[in-house]
Amino acid sequence: MLDCESVRRLRARAQALAGGTREASAEAVVRRVFAIQAQDAAAADLGIRVRGRDITPRAVRAAYEEEQSIVRGWYMRGTLHTIPSDDARWVLRLLAPRILAATSRRYQQLGLNDDLRQRADHLLRRVLTTHGPLTRAELTEHLSTLGIPPDGQAPFHLIRHAALTGILCHGPQRAGEATYVLLDDWLPITRGAQWEGDAALAELARRYLAAHAPAALEDFAVWSGLPVTWARRAWKMLAESGVITEYGALTMRAGRVEEPTGPSDTPDVRMLPAYDNYLVGYRTRDVSVPALHQAGVWPGGGIIRPTVIADGLAIATWTRGSGARCIQVDAFGSVPPQIELGIDMEKASVVRFLKPTA
C-alpha cells in the first residue's frame, strides 16, 4: 500500500516534475506525458518548459511547425491539448464521437443543424485547400458567406466541429496568432500507429498510466472524459494482457514500478503554468494540493492558477507582473531556504523563457 507522499512523488516523477527528471526536447516532453493542457497556448508552452531541460520558445515552435512532431487540438474532455502528432488521428476517432454528441444541444441552441454543419465542413475544407493556413478571424469571415453571424460562438463551434471530424488542426503561428490547416496536409496519414475500437481505448489508458500512475480507473475517466464503464473495460483489457499491477486501490504499469524515494535534502522545485495537467489529471486534488489551499489554486470560474510545487506538493501560487521579468510568488506558508533557492532558480528560468535574449 502506498502512502500519500509516495503517491505524490511517483506521480510527479512520471510527469517529469520531480526527482530531477527533465526531458531534452519539446517532443520528448509531450511523448512522456502524452498530453499538455493547451486551452491557453502560452501556458502550454510553459508546461513544456517546466518538464524540460533548457527548452526555448523557439524549440517549442520548431516542434509544432518545423518538425510537426506535436500538434494542438481538441482531445480529452473536448478541451485543447497538445499531443504527439503520430497519435492525433486514433485519439480523435476514439474521443470525437462522444464530444460531438455532448455538444449537440449547444449546436441546437446556436441554430447549427446537421446540414449547416456539413456545409461549413465543406467550406472550411475548400478555403483551407485554397488559402490555408488561416486564422480564426479569417475562417469566420468565410463562414459568414453561409449566413453565420461573425459575433458569438457559432464560428468557434463550427471550426471545432471541423477539427473533431478530422478536417483541420492547428498549424503554424502567424505574428503570434494561431492558424488552422488541413489535417491531412499538415500531418501525413502514414505517420504513426492507428489503433481502433477497444485497442485504442486500452492504448489511451496505457498512455495515461505511463504519465499519471499511481492512479485509479476513475482518475482515467475524469482525465479522458470517457464514462467509468469504458474506463473499467480499459482496465480489464490491460489487466488481462499483464500491462498493469495493482497497489491497493491504485494502479501502475507492470514492469515500470519505481520504489518511491524519501524526502530529498534538495527539494525539486517547479513553477507550473495555469491549467497544468498535473493538477487536473485526477479525480481529487488532495495528493498534490493541501486542502486548506485548494481554493487559492482553484478560485472558481474554471480558473486554475499557476502553482509552485516542491517534490510534487503545491506550496505557492505565482503570477506575472506588468513586465516579463516581474514574477510574484505567494507562498502558502513559511518557505525553507533550500526551497527559496529553488524558487529563485525557477523564476529566473521562467523569465528567460518568457523574454529570451536571442
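Fair warning: this is a prediction, and the values are worked out from it, not measured in the lab. (Residues numbered from 1 in each chain as written. Predicted model: local features only at pLDDT ≥ 70, side-chain atom pairs only at ≥ 80, totals over all residues. Heavy atoms only, no water.)

As for the sheet that holds strand S1 (residues 36-37)
The test is simple: Here, any two strands with at least 2 DSSP bridges between them count as paired. Helix numbers and strand numbers start at the N terminus; a helix is a DSSP run of H or I with at least 4 residues, a strand a run of E with at least 2. The contact criterion used is simple: two residues touch if any of their non-hydrogen atoms lie within 4.5 Å. Axis lines are fitted through C-alpha atoms, for helices just across the contact stretch, and the angle between N-to-C directions can take any value from 0 to 180 degrees.
One open sheet accounts for three strands, arranged S1-S3-S2; its pairing is antiparallel. The open sheet has two edge strands, S1 and strand S2 (70-74), and neither has a second partner. The sheet contact formed by S1 and strand S3 (residues 80-84) spans two bridges and is antiparallel. Its bridge partner being in S3, Gln-37 is matched across the sheet by His-81. This element, helix H2 (residues 26-33), spans S1, S2 and S3 of the sheet and lies at about 105° to S3.

Structural notes on empty space enclosed by the protein
Rules: In this analysis a 1.4 Å probe is tested at points of a 1 Å grid over the protein atoms alone, and where it fits but cannot get out there is a cavity; an open set with protein on both sides within 12 Å along at least five of seven lines is a pocket; lining residues have an atom within 4 Å of a point. Grid points are joined across faces, edges and corners, and a volume is the space filled by probe spheres set on the points.
In this structure the tally under the stated criterion is one cavity of 30 Å³ or more. Within this model, the largest cavity holds a volume of roughly 70 Å³. In terms of lining residues, the largest cavity is bounded by Arg-72, Gly-73, Trp-74, Tyr-75, Leu-92, Ala-163, Leu-164, Leu-168, Cys-169, His-170 and Leu-183. Among the secondary structure elements, those contributing two or more residues to the lining of the largest cavity are S2, helix H9 (154-164) and strand S5 (168-170).

Thoughts on the side chain of Gln-15
Let me state the cut-off plainly: Throughout this description, a polar contact denotes any pair of N or O atoms lying within 3.5 Å of each other; where both atoms belong to protein, one of them has to be capable of donating a hydrogen while the other can accept it, and for residues adjacent in sequence the pair is counted only when both atoms sit in side chains.
Following the sequence through the fold, Gln-15 ends up in the loop between helix H1 (4-14) and H2. A polar side-chain atom of Gln-15 sits 3.2 Å from a polar atom in the side chain of Asn-277. If we skip the residues at most four places from it in the chain, Gln-15 touches Arg-32, Val-33, Arg-51, Ala-211, His-212, Asn-277 and Tyr-278.

Structural notes on the side chain of Ser-349
Quick note on the threshold: To sort residues, take the accessible area from a 1.4 Å probe on protein chains only and compare it with the maximum for the residue type: under 20% means buried, over 50% means exposed, and anything in between is partly exposed.
Residue position: Ser-349 is located in helix H16 (residues 337-354). You can call Ser-349 buried: its relative accessible area is 18%. Looking at Ser-349, its side chain comes within polar contact range of the side chain of Arg-49, at 2.8 Å.

Describing the packing of aromatic side chains
Test applied: Here the aromatic set is Phe, Tyr and Trp, taking the six-membered ring for Trp, and pairing holds for ring centres within 6.5 Å; pairs whose planes are under 30 degrees apart are stacked, those over 60 apart are edge-to-face, and all others are tilted. Only lysine NZ and arginine CZ atoms are considered, and such an atom sits over a ring when it is within 6 Å of the ring centre and within 35 degrees of the ring normal.
Within the structure shown, the criterion is met by eight aromatic pairs. Taken together, a centroid distance of 5.0 Å and an interplanar angle of 45° make the contact between Tyr-208 and Trp-223 tilted. Highlighted residues: Tyr-208 in helix H11 (residues 197-212) and Trp-223 in helix H12 (residues 217-224), separated in sequence by 15 residues. Both residues of the pair, Tyr-208 and Trp-223, count as buried. Aromatic ring contacts, followed pair by pair, group Phe-34, Trp-90, Trp-195, Tyr-208, Phe-220, Trp-223 and Trp-235 into a single cluster. The ring centre of Trp-230 lies 5.4 Å from the NZ or CZ of Arg-98, which sits over that ring. It is Arg-233 that lies over the ring of Trp-230; its NZ or CZ is 5.4 Å from the centre.

Some thoughts on the packing of H11 against H12
For any two helices packed against each other, the geometry comes down to the angle between their axes and how far apart the axes lie. Using the following cut-off: For classification purposes, angles smaller than 35 degrees are called roughly parallel, those larger than 145 roughly antiparallel, those between 65 and 115 roughly perpendicular, and all remaining angles oblique. The classification used treats Ala, Val, Leu, Ile, Met, Phe, Trp, Tyr, Cys and Pro as nonpolar, Asp, Glu, Lys and Arg as charged, and all other residues, Gly among them, as polar.
Two numbers describe how H11 lies on H12: the axes approach to 11 Å, and their chain directions differ by 105°. The orientation of H11 relative to H12 falls into the category roughly perpendicular. The residues of H12 that touch H11, namely those facing Leu-201, Leu-204, Ala-205, Tyr-208 and His-212, are Asp-219, Phe-220, Trp-223 and Ser-224. Its residues placed into classes, the contact of H11 with H12 shows six nonpolar, two polar and one charged.

A closer look at the pairing of strand S7 (residues 244-247)
Where S7 and strand S8 (residues 250-253) come together, four bridges link them in antiparallel fashion. Paired with Glu-246 across the strands is Thr-251, a residue of S8.

Re H16
As a reminder, the rule being used: To estimate how far a helix should extend, the number of its residues minus one is multiplied by 1.5 Å.
For H16, which comprises 18 residues, the first-to-last C-alpha distance of 26 Å matches the rise-based estimate of 26 Å (1.5 Å per residue) to within 8%. Considering only its buried residues, H16 is in contact with helix H3 (41-49), helix H4 (57-65), strand S9 (269-272), strand S10 (307-310), strand S11 (313-320) and strand S12 (327-331).

Brief notes about the sheet that holds S10
The strand order across the open sheet formed by four strands is S9-S10-S11-S12, and the pairing between neighbours is antiparallel. Edge positions in the sheet fall to S9 and S12, since each of these pairs with one other strand and no more. If you compare each strand with its neighbour and ignore which way they point, the axes differ by 30° on average. Across the sheet, H16 is in contact with S9, S10, S11 and S12; its angle to S9 comes to roughly 40°.

Section: unusual backbone geometry
Gly-132 connects to Pro-133 through a cis peptide bond whose omega is 0°. Following the sequence through the fold, Pro-133 ends up in the loop between helix H7 (114-131) and strand S4 (134-135). Each neighbour pair has its own omega, and for Ala-213 with Pro-214 the value is 5°, a cis peptide bond. The residue Pro-214 is located in the loop between H11 and H12 in this model. Positioned with a positive phi, Ala-16 is a non-glycine residue whose angle comes to about 60°. Its place among the elements puts Ala-16 in the loop between H1 and H2. Positive phi values are uncommon outside glycine, yet Ala-175 reaches one of about 55°. When you line up the elements, Ala-175 lands in the loop between S5 and strand S6 (179-182). Given the relative accessible area of 85%, Ala-175 is considered exposed.

A closer look at the nonpolar core
Here is the rule: In these notes, a set of buried Ala, Val, Leu, Ile, Met, Phe, Trp, Tyr and Cys residues joined through side-chain atoms within 4.5 Å is what counts as a nonpolar core.
With 100 residues, the main nonpolar core has Met-76, Leu-204 and Phe-220 as its most contacted residues. Considering each element in turn, this core owes the most residues, nine residues, to helix H5 (residues 88-102). Beyond its immediate stretch of four places on either side in the chain, Phe-220 contacts Leu-201, Leu-204, Ala-205, Tyr-208, Leu-226, Ala-231, Ala-234 and Trp-235. Counting residues in hydrophobic clusters, the runner-up holds 16 residues, among them Ala-12, Ala-18, Leu-272 and Tyr-278.

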